[in-house]
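Analysis of the macromolecular model
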Amino acid sequence: MPLRQVLRMGVPSLLEVSSAVTEFDVDALHQLIADMFETMAAYSGAGLAAPQIGVNQRVVIFGVEKNSRYPDVEEVPTTVLINPEIEFLTDEAELGWEGCLSVPGMRGAVERCMHIRYSGYDEYGHKIDRQVKGFHARVVQHEVDHLDGILYPMRIDDMSLFGFEKELFAESEQDQES
């Protein structure tokens, strides 16, 4: 299970639409998923899409237990999601901070739907169908965007809410030190 390099914003392939997976429960898919989990763990990510490691297939993984990058969020079950589809179940959206392994050191406030249904398949071809809210819904939307060639900065409406973590959150760090 080799650790893979995470491609960074500016690499043209990150802007491409990924191809659907047509074969499940095969060695190449299992190896890809194992590599993705190792890479996500090494970078302390909440999720990872195959295009982020240079594989243009509709495969995402996500899951959050304790994560230093997201210390205050609810847990999200560890999931492999292949050929995902999203249905928005409300018009209600929430502005929230996002980061990305392909945009290291930066954060931006992105508006996302608060209640979604997502479906797809696991690596064995078993159907997944879930309704989720909050951070779980945000993570899924963020990762599925990667499969459509969309990076979160492309969804930011107010560029004053985009920047380097250190500068954006310097005031709150100073408050904690006081």
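This text follows the structure it describes.
Residues numbered from 1 in each chain as written. Predicted model: local features only at pLDDT ≥ 70, side-chain atom pairs only at ≥ 80, totals over all residues. Heavy atoms only, no water.

Before going further, it helps to spend a moment on the pattern of salt bridges. Inspection of every chain in the model, using the stated rule, returns eight salt bridges. Arg112 is the salt-bridge partner of Glu98, the closest N and O atoms lying 2.8 Å from each other. Highlighted residues: Glu98 in strand β4 (residues 93-100) and Arg112 in strand β5 (residues 103-113), separated in sequence by 14 residues. A salt bridge links Asp145 to Arg112, with the shortest nitrogen-to-oxygen separation between them at 2.8 Å. Taken as a pair, Asp145 in helix α2 (residues 134-147) and Arg112 in strand β5 lie far apart in primary sequence, 33 residues in all. (Salt bridge = Lys/Arg side-chain N within 4 Å of Asp/Glu carboxyl O. Helix = DSSP H or I, 4+ residues; strand = E, 2+ residues; numbered from the N terminus.)

When the terminal C-alpha atoms of α2 are compared, their 21 Å separation across 14 residues agrees well with the 20 Å that a helix rising 1.5 Å per residue should span. Within α2, 13 of the 14 residues are buried, which leaves the element mostly enclosed by the surrounding structure. (Expected span 1.5 Å × (residues − 1). Buried < 20%, exposed > 50% of the residue type's maximum accessible area, 1.4 Å probe, protein only.)

Attention now goes to the pairing of strand β2 (residues 59-64). Burial analysis of β2 places six of its six residues in the buried class, which makes it a mostly covered element. What you see with β2 is no split at all: Val59, Ile61 and Gly63 on one side and Val60, Phe62 and Val64 on the other are buried throughout. By the bridge criterion, three bridges tie strand β1 (residues 47-49) to β2 in an arrangement that is antiparallel. Opposite Leu48, over in β2, you have Ile61 as the bridge partner. (Pairing = 2+ DSSP bridges.)

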